[in-house]
Amino acid sequence: MTLSPARVPATGVRRLTTTLYGYAFLDDFVLLYPVYALLFADTGMSLWQISSLFALWSVTGVLLEVPSGVWADAVSRRRLLWIGPLLTAAGFALWVAAPSYWAFAAGFVLWGAGGALGSGALEALVYDELDRLGAVGRYARAMGRARAARLLGTVAATGLAGPLLAGGGYAAVGAASFLACVLTALTATRFPEHRVRPESAGESWVTTLRTGLAEIRGDRTVRGALLLVPAVAAVWGALDEYTPLLVRDIGVAEATVPYLIMLIWAGVTVGSLLAGPAERLGTTGLAVLLAGAALALAVGAAARSLAGVALVSLAFAGFQLAEVLADVRLQHRIDESRRATLTSVASLGTEVATVATFGVYALLGTDMAHSTVFAVLAIPYLVTALALARARAATARP
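Residues numbered from 1 in each chain as written. Predicted model: local features only at pLDDT ≥ 70, side-chain atom pairs only at ≥ 80, totals over all residues. Heavy atoms only, no water.

- An unreviewed UniProt entry annotates the chain as Transporter of Streptomyces variegatus.

## Quick look at a positive patch on the surface
Part 1: Positive charge collects at one region of the surface, where Arg 14, Arg 138, Arg 141 and Arg 145 lie side by side.
Part 2: You can see Arg 141 is positioned in helix H7 (residues 139–188). (Patch = residues over 30% accessible without salt bridge, like charges linked within 9 Å, V, L, I, M, F, W, Y side chains within 5 Å. Areas by Shrake-Rupley, 256 points an atom, 1.4 Å probe, with all protein chains shown as cover. Salt bridge = Lys/Arg side-chain N within 4 Å of Asp/Glu carboxyl O. Lys, Arg positive; Asp, Glu negative; His and termini not counted. Charge placed at Lys NZ, Arg CZ, Asp CG, Glu CD. Helix = DSSP H or I, 4+ residues; strand = E, 2+ residues; numbered from the N terminus.)

## What to know about a nonpolar patch on the surface
Part 1: The grouping of Val 59, Leu 63 and Leu 64 at the surface amounts to a nonpolar patch, some 260 Å² of accessible area in total.
Part 2: Here Leu 64 falls in the partly exposed class, since its relative accessible area comes to 33%. (Buried < 20%, exposed > 50% of the residue type's maximum accessible area, 1.4 Å probe, protein only.)

## Brief notes about the pattern of salt bridges
Part 1: Here the structure, examined in full by the defined rule, presents 5 salt bridges.
Part 2: Among the ionic pairs, Arg 150 bridges to Asp 28, the shortest N-O distance being 3.2 Å. Taken as a pair, Arg 150 in helix H7 and Asp 28 in the loop between helix H1 (7–27) and helix H2 (36–42) lie far apart in primary sequence, 122 residues in all.
Part 3: A relative accessible area of 16% places Asp 28 in the buried class.
Part 4: Asp 128 is the partner of Arg 77 in a salt bridge, and the nearest nitrogen-oxygen pair spans 2.6 Å. Of this pair, Arg 77 sits in helix H4 (residues 77–97) while Asp 128 sits in helix H6 (residues 121–132), and the two are 51 residues apart along the sequence. Note on accessibility: Arg 77 and Asp 128 belong to one class, buried.
Part 5: Here the residues in one salt-bridge network are Asp 27, Asp 28 and Arg 150, joined through shared partners.

Laid out in structure tokens, this is it:
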């Protein structure tokens, strides 16, 4: 049977998005997530050694973020998307086969490298394939749902980790995580890719990086869209790590804390799913969204109550939605041949800003309650909202 022209794009979009959602779910369906710190401690690692492992993980991601993005613009993006999970799988296998400090360190380097290979490459592949199918307007909805799928993968992995650990120990949890990574790699091979790669046109990765950085310097709209990504993503991404401490301070029982954290992440999931309809928000709408989320964060944190936790959940939903929309704005403004490169530059900015936020939190938290620190760190979002409003007003002037 011959498909009609309208049917062909619909089939292509369905294949792409189904693969994307499966990939996103499996990529975060790692049962070691909630227990790897316990594995390190039970192996005899000190707190200093465990902290150094986390630092090594972060440094690996930062160092490889931009080079991997440039590589994704020079070679097959799909290839990097299946190589990355296999590197992570090798790291997990090393952890459970020969648990020791150096094995954990090597595993984190492999995990960091695997994550860096997918960062930028995934967004670039999905955007360009949707563009080829004439469905680029679905990018926001697709990426929002992909983020929701990641959250579901994390929740599912967290729920299964406990029973599997009790029944089979770290070996069983590690084996399940290894299998999830392999399945992620297999799923990545189903991504369509029709891009004419720069390598076939004689363009080296050095040239790709140079022209990408030149685009940032020479185009104010690209520069603004790129800076908006870390401005939106970094602070709330760092605050997420401290939400259990914020929740515990309202006086609930320890056993209740995980349920309230799930409430907060339910809000984040809703924010992801609203990305499609919210794409119609312009610059002014995005500014209002950020300002509203900032106020909800400040008021909710300061309230130190169950109602306040609900407001924090609402704020995180707004920040997650704004993060997806910031990525959409960036993708609309950059050239296909440098898409992964510039997306990785934005991710690098997010990583650096997140680390800086951790430092600010530690500094403020020395003398302030967690609720106060959360409220103070809502201020950067108000500043970003004001900057967006001023930029919109400037472009509206004749």
